[in-house]
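Coordinates in review
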Amino acid sequence: MNYDFNFSVIWRNWDLLAQGLGLGLFLAIVSIAIGCGIGLLAAFGMLSRQKTLRWIAVAYVSAIRNTPILVLILFCYFALPQLGIALDKISSFIFTLSIYAGAYLAEVFRSGLVALPKGLREAGLAIGLTELKIKTNIIIPVMFRNVLPSLSNNFISLFKDTSLAAAIAVPDLTFYARKINVESFRVIETWMVASMIYVVVCYMIASLLRRLEQRLAIPR
Amino acid sequence: MSPILNISGLHKSFGQVEVLKGIDLTLQQGDVVSLIGSSGSGKTTLLRCVNLLEDFEQGEIELVGETIGYRESSGSQRRRLPEREIARQRAMTGMAFQQFNLFPHMTAVQNVMLGLIKTKRMAKDEARSVAEKWLERVGMEARRDHFPGQLSGGQQQRVAIARAIAMNPQIMLFDEVTSALDPELVAEVLAVVRDLANDGMTMLLVTHEMRFARDVSTKVVFMHQGRIHEEGTSEEMFGAPKTERLQGFLANSQI
């Protein structure tokens, strides 16, 4: 194969790619933050003594986890407006990725909660704490530290899922890569660079989270 | 003066199985009462009813004159008190668990401070000085900044006792506090309990340490199949057990 590599079009559009990457990171961070909140509520819901609450949480988690994310994105962006809920592209994507993240994180949190020794709650009760204070001061902080390693995997997946935002023309890294590709016909170079950027950023996120894990680890 | 703890006609079932079949027990200020008996006799359940970690169906428990856990409503119906009330009443008791149950993400001193800050609403500085005082009392001041995972079982249990007693409870409940410990660590924990007993703390303890129960108790209660089978002073119970069952139980326990 004789192929002349020519990256000049990519260097020329470097700012677009950086912009796209920035937006992707923003989408991921916001969605993960909201998703953590939803996931926590859903996890407690799944373990609730109240049947209705449990049912709602389980229904939400299984419905979302069994739907491809691309379908969710398209549904929220194209179908919801027909039902009277119109969001702009970016809000729509954040909404989608948040409820998607919520369902996956709910499973992680649920298994983290189940694994905690029952005695922690009782020790909290014994010193006169209410259930809410036990959750916020003991259960959630301990569970969170325990599940951080599996959270990291989920966070990286969710960041990679932001590439699907291009499907509804959210100008993220993939969107701009496609644009450069179409305009320059430099197919190999464009997608090679885009992939490399994803690899490097994911690697950086992973090592950042690993450092966080080490800092938060419960000493023993 | 009203007794610190007054239990009358206490019944408790787990599903179909009745584990407490009518318990009456009274502790005056400064009493140290040991609950002994084979496993399944209901000792731990009785202890857990006193700080409302277990519900109970019948009977009444009074702490310093206050009926805990339930309120009589219309007719003979009774209602569980709201959570906030229960939490307040629980804080009148202190409990040490078999498995210590320290909060693993907090240092020793933070473990003791949590209840002082969140339940007693103490300022941080005050909570710290109270916590340090009690850690010193149980001989753990040098390790106050260690995490539970960095402490031995005996040290963890001493911190757990400090955490409970720092709340200034009316009565301390000890649930087999040495059962999960290696033999060589038992003594240091028992020394702390004994020290508190000598200090006049009212205590109800479930224990398998017969020698300790004999030495420290003002009263010993032998439970069998959900009932109090025999009770008396240490001398009576260990020196001259009346019932055949207690004689058999003591013969099988190492003293």
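The structure we're discussing is the one just above.
Our subject in this report is the structure included herewith. Predicted, not measured: the structure shown is a model, and the values here were computed from it.

1. Here we look at the packing of helix α5 (residues 89-115) of chain A against helix α7 (residues 131-161) of chain A
Residues and elements named next belong to chain A. Interaxial distance between α5 and α7 falls to 9 Å at its minimum, and their mutual angle equals 140 degrees. The angle between α5 and α7 places the two elements in the oblique class. For the crossing formed where α5 meets α7, the hand is right-handed. Listed contacts from α7 to Phe93, Leu97, Tyr100, Ala101, Tyr104, Leu105, Val108, Phe109, Gly112 and Leu113 of α5 are Ile139, Met143, Phe144, Val147, Ser150, Leu151, Asn154, Phe155, Leu158 and Asp161. Looking at the contact of α5 with α7 residue by residue, the class counts come to 16 nonpolar, 3 polar and 1 charged.

2. Overview of the packing of aromatic side chains
Per the stated rule, a full pass over the model turns up 10 aromatic pairs over all chains. Geometrically, the ring pair formed by Tyr100 of chain A and Tyr104 of chain A is tilted, given 5.0 Å between the ring centres and 50 degrees between the ring planes. Taken together, the positions of Tyr100 of chain A and Tyr104 of chain A, both in helix α5 and 4 residues apart, correspond to about one turn of that helix. Clustering of aromatic rings is evident, with ring pairs tying together Tyr3, Phe5, Phe7, Trp11 and Trp14 of chain A. The ring of Tyr70 of chain B has Arg78 of chain B lying over it, and the distance from NZ or CZ to the ring centre is 3.7 Å.

3. Quick look at the interface of chain A and chain B
Taken residue by residue, the interface counts 21 residues in chain A and 27 residues in chain B. A combined buried area of about 2,100 Å² lies between chain A and chain B, and 66% of that area is made up of carbon and sulfur atoms. Considering only the side of chain A, the residues that lose the most area to chain B are Ala126, Ile127 and Pro219 of chain A, jointly responsible for 27% of the buried surface there. Here chain A is connected to chain B by 1 salt bridge. We note a salt bridge from Arg48 of chain B to Glu122 of chain A, for which the minimum N-O separation is 2.7 Å.

What counts as what
Residues numbered from 1 in each chain as written. Chains lettered and ligands numbered in written order. Predicted model: local features only at pLDDT ≥ 70, side-chain atom pairs only at ≥ 80, totals over all residues. Heavy atoms only, no water. Axes fitted to C-alpha atoms, helices over the stretch in contact; angles between N-to-C directions. Helix = DSSP H or I, 4+ residues; strand = E, 2+ residues; numbered from the N terminus. Parallel < 35°, antiparallel > 145°, perpendicular 65-115°, else oblique. Left-handed = near helix turned anticlockwise from the far one by under 90°. Contact = heavy atoms within 4.5 Å. Nonpolar A, V, L, I, M, F, W, Y, C, P; charged D, E, K, R; others polar. Phe/Tyr/Trp six-rings, centres within 6.5 Å; stacked < 30°, edge-to-face > 60°. Lys NZ or Arg CZ within 6 Å of the ring centre and 35° of its normal. Buried area = accessible area lost by both parts, 1.4 Å probe. Salt bridge = Lys/Arg side-chain N within 4 Å of Asp/Glu carboxyl O.

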